[in-house]
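For reference, the chains in residue letters:
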Amino acid sequence: MFGNVNKNLVPSLPTARQIVASLPTARQIKQVEHLFDLRSAGFSWRSNGAAEFPNPSPESEIGQPRLGVMVDALCLNSEVSTLGFGCGGLSGILNAPLSHEAGCSLIIDAFQKGLKSEKKRNWGQKSKVIDMALKQLPREQIQISTKFGIIMPADLSHVEVKGTPEYVRQCCEASLKWLDVDYIDLYYQHRVDTSVPIEDTMGELKRLVEEGKIKYIGLSEASVDTIRRAHAIHPITAVQMEYSLWTREIEEDVLPLCRELGIGVVAYSPLGHGFFGGKGVVESLPSESFLSQAGHPRFTGENLEKNKFLYAHFADLAEKHACSPAQLALAWLLHQGNDVVPIPGTTKVKNLDANIGSLTVKLTTKDLKEISDAIPTDQVGGQREIQVFLPFSYRSANTPPKA
């Protein structure tokens, strides 16, 4: 059940690689055909709109801490896919939230079809979705990851990032208790605390590795300097970055560095928050989506109108390749290297199957250039982040030198 890809859905997959589960860096992780990764955040909404956390901290300066919990289900020593499945939409961050039962069913469906699933955050009382799914998955076949570092209120009015050694340990212990496990396979710093030397944060993470509480360490939205300094303290396994046709900044700096150091890149928002699937263009933005509520720059006003022209041209190109715009956007990303793993999400089985279909889209070097040229990044309207997250985007995420 857990080790077979549905060959009717995926008639042709990329060349498989083997995963060596005991090795700590991405240089030793090989591309394969089945990887399932579930991610959940440790909070839900109360009826009054306040954030509710399973492991509250009395020391939090801004309400209770957001203990972001990601659960990676990784079929060890078997074959896994280079395409992921993002669960953020299941919880209502981008769409109307699904019921617990429907979300769980979709996660299990993705797993059975051989996908790596990735859940960034748990918005809208969705921790139960992941809990329900995990109870149906064998622990010995999955790897559990957690994120820590972001503290924010329910209305996203402001964000704080915390990376002190004390907070690292506090979040790790809370995640172990909440997940009811003895160790965490991969522990991510969700955003970088620019007030704390990365050596201090990594030092505590390294101690947690030595204590057997975590196995591997990851970073998200970290600068080149931060990644290099962190990797010098302890090998970094994965760096999670926004990467898609309309967000390609990491090609200039982070991606080359990760390849130099042997670090894998997990590409979140590979469809531009659903833009290449037609969100905001051929279908309206859901009122529940943070894209609407927070007024994401690329989905509002003149910027959106400008981006609609890019989409129309791209849709014509997709038709030339006999696939949907979303499939072409994913296929382009899948051709950027075996060390790049995109994690698109959906709340619909038909979109899940369509995303899997992107694995069969074959592109030449000439095709890749034509696709890149169809979405000139200097013509994309709007910045990639909502305002409150701008101070924590990777090019601003340098930490002070260690005294």
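Bear in mind the structure is a predicted one, so any value in this text is a computation, not a measurement. (Residues numbered from 1 in each chain as written. Predicted model: local features only at pLDDT ≥ 70, side-chain atom pairs only at ≥ 80, totals over all residues. Heavy atoms only, no water.)

**Student:** Quick question: what am I supposed to make of the state of the cysteines here?
**Tutor:** Any covalent bond linking the sulfur atoms of two cysteines counts as a disulfide. A complete count under the given rule lists zero disulfides for this structure. Cys172 forms no disulfide, and the closest cysteine sulfur to it belongs to Cys171, at a distance of 8.8 Å. By relative accessible area, which is 0% here, Cys172 ends up buried. (Disulfide = S-S within 2.5 Å. Buried < 20%, exposed > 50% of the residue type's maximum accessible area, 1.4 Å probe, protein only.)

**Student:** Mind showing me how you'd approach the side chain of Arg229 here?
**Tutor:** Positionally, Arg229 belongs in helix α5 (residues 224-233). In this structure the side chain of Arg229 is engaged in a polar contact, spanning 2.8 Å, whose partner is the side chain of Glu199. What Arg229 contacts, discounting residues up to four positions off in sequence, is Pro197, Ile198, Glu199, Thr399, Pro400, Pro401 and Lys402. (Helix = DSSP H or I, 4+ residues; strand = E, 2+ residues; numbered from the N terminus. Polar contact = N/O pair within 3.5 Å; in protein donor to acceptor, adjacent residues only side chain to side chain. Contact = heavy atoms within 4.5 Å.)

**Student:** Sorry if this is basic, but what is going on with the pairing of strand β10 (residues 184-189) here?
**Tutor:** Side-chain positions along a regular strand alternate between the two faces of the sheet. Of all six residues in β10, six are buried; the element is thus mostly enclosed. Inspection of the sheet shows β10 paired to strand β11 (residues 214-220) by five bridges, in the parallel sense. Counterpart to Tyr188 in the pairing with β11 is Gly218. Read as a crossover between parallel neighbours, the route from β10 over helix α4 (residues 198-210) to β11 is right-handed. (Pairing = 2+ DSSP bridges. Right-handed = clockwise from strand over helix to strand, strands pointing away.)

**Student:** Can you help me understand unusual backbone geometry in this one?
**Tutor:** Glycine aside, a negative phi is what most residues show, and trans is what most peptide bonds show. Not every positive phi belongs to a glycine, and Ser269 is a case in point at roughly 50 degrees. Here Ser269 is to be found in the loop between β13 (264-268) and α7 (290-293). You can call Ser269 buried: its relative accessible area is 10%. Of note, the phi angle at Ala322 is positive, near 55 degrees, even though the residue is not glycine. Of note, Ala322 is situated in the loop between α8 (301-320) and α9 (325-334). Judged by relative accessible area, which is 71%, Ala322 ranks as exposed.

**Student:** Could you clarify how one ought to interpret the pattern of salt bridges in this entry?
**Tutor:** Working definition: two side chains of opposite charge can pair if their charged atoms are close together. Counted under the stated rule, the structure contains 20 salt bridges. One salt bridge connects Arg229 with Glu199, and the closest N-O pair in it is separated by 2.8 Å. Of the two residues, Arg229 is situated in helix α5 and Glu199 in helix α4; the sequence distance between them amounts to 30 residues. As far as the burial class goes, Arg229 and Glu199 line up, both buried. Residues Asp373 and Lys369 are paired through a salt bridge, measuring 2.7 Å at the closest nitrogen-oxygen approach. A residue pair is termed a helical-turn pair when its members lie 3 or 4 positions apart in one helix, as Asp373 and Lys369 do in helix α11 (residues 365-374) at four residues. Look at Lys369 and you get exposed, because its relative accessible area is 53%. Here the residues in one salt-bridge network are Arg169, Glu173, Glu204, Arg207, Glu211 and Lys213, joined through shared partners. (Salt bridge = Lys/Arg side-chain N within 4 Å of Asp/Glu carboxyl O.)

**Student:** What exactly am I supposed to notice about the packing of α4 against α5 here?
**Tutor:** Two packed helices can be described by the angle between their axes and the distance between those axes. Two elements in contact, α4 and α5, have axes whose closest approach is 9 Å; the angle formed by their N-to-C orientations is 35 degrees. As for the relative orientation of α4 and α5, their crossing is right-handed in sense. Across the interface between the two elements, Ile198, Glu199, Met202, Gly203 and Lys206 from α4 touch Thr226, Arg229, Ala230 and Ile233 from α5. Of the residues belonging to the contact of α4 with α5, the class tally is four nonpolar, two polar and three charged. (Axes fitted to C-alpha atoms, helices over the stretch in contact; angles between N-to-C directions. Left-handed = near helix turned anticlockwise from the far one by under 90°. Nonpolar A, V, L, I, M, F, W, Y, C, P; charged D, E, K, R; others polar.)

**Student:** I'm lost on the nonpolar core in this one. Help?
**Tutor:** As a rule of thumb, soluble globular proteins bury nonpolar side chains together. Residues Tyr187, Leu205, Ile227, Val239, Phe276 and Phe314 are the most contacted members of the largest nonpolar core, which totals 73 residues. The dominant element in this core, judged by the number of residues it contributes, is α9, at eight residues. When neighbours within four sequence positions are excluded, Leu205 is seen to be in contact with Phe148, Val168, Tyr187, Ile214 and Ile217. Judged by nonpolar contacts, the second largest core, of eight residues, contains Ile150, Val161, Ile386 and Phe389. (Core = buried A, V, L, I, M, F, W, Y, C linked by side-chain atoms within 4.5 Å.)

**Student:** When you look at the confidence of the model for the chain in this model, what are you seeing that I'm missing?
**Tutor:** Residues with a pLDDT of 70 or more make up 67% of the chain, whose mean pLDDT is 74. Summarising per-element confidence for the chain, the mean pLDDT is lowest in strand β2 (residues 44-45) (24) and highest in α4 (98). The low-confidence segment residues 116-128 (pLDDT under 50) makes 73 contacts with residues lying over four places distant or belonging to another chain. (pLDDT = per-residue confidence, 0-100.)

**Student:** Looking at this structure, I do not really get the packing of α8 against α9. What am I missing?
**Tutor:** The N-to-C vectors of α8 and α9 enclose an angle of 85 degrees; their axes lie 8 Å apart at closest approach. In terms of their interaxial angle, α8 and α9 are classed as roughly perpendicular. Counted together, Tyr311, Phe314, Ala315, Leu317 and Ala318 of α8 and Pro325, Leu328 and Ala329 of α9 form the full contact between these two elements. Taken together, the residues of the contact of α8 with α9 sort by class into eight nonpolar, no polar and no charged. (Parallel < 35°, antiparallel > 145°, perpendicular 65-115°, else oblique.)

**Student:** Help me understand the packing of aromatic side chains in this model?
**Tutor:** Working definition: an aromatic ring pair is given by the centre-to-centre distance plus the angle between the planes. Considering all chains together, one arrives at nine aromatic pairs under this definition. Between Tyr243 and Trp332, the ring centres sit 6.0 Å apart and the planes meet at 70 degrees, which makes this aromatic pair edge-to-face. Here Tyr243, found in the loop between β12 (236-242) and α6 (254-261), pairs with Trp332, found in helix α9; they are 89 residues apart in sequence, far enough to count as distant. Comparing Tyr243 with Trp332, the two get one shared label, buried. What links up through ring pairs into an aromatic cluster is the set Trp246, Phe275, Phe276, Phe299, Tyr311 and Phe314. Lys147 extends its terminal NZ or CZ atom over the ring of Tyr188, reaching a point 5.8 Å from the ring centre. Geometry around Trp246 places Arg298 over its ring, the cationic atom sitting 4.8 Å from the centre. (Phe/Tyr/Trp six-rings, centres within 6.5 Å; stacked < 30°, edge-to-face > 60°. Lys NZ or Arg CZ within 6 Å of the ring centre and 35° of its normal.)

**Student:** Is there a simple way to explain the side chain of His296 in this structure?
**Tutor:** With respect to the helices and strands, the residue His296 is situated in the loop between α7 and α8. Given a relative accessible area of 1%, His296 falls into the buried group. Looking at His296, its side chain comes within polar contact range of the main-chain oxygen of Arg384, at 2.9 Å.

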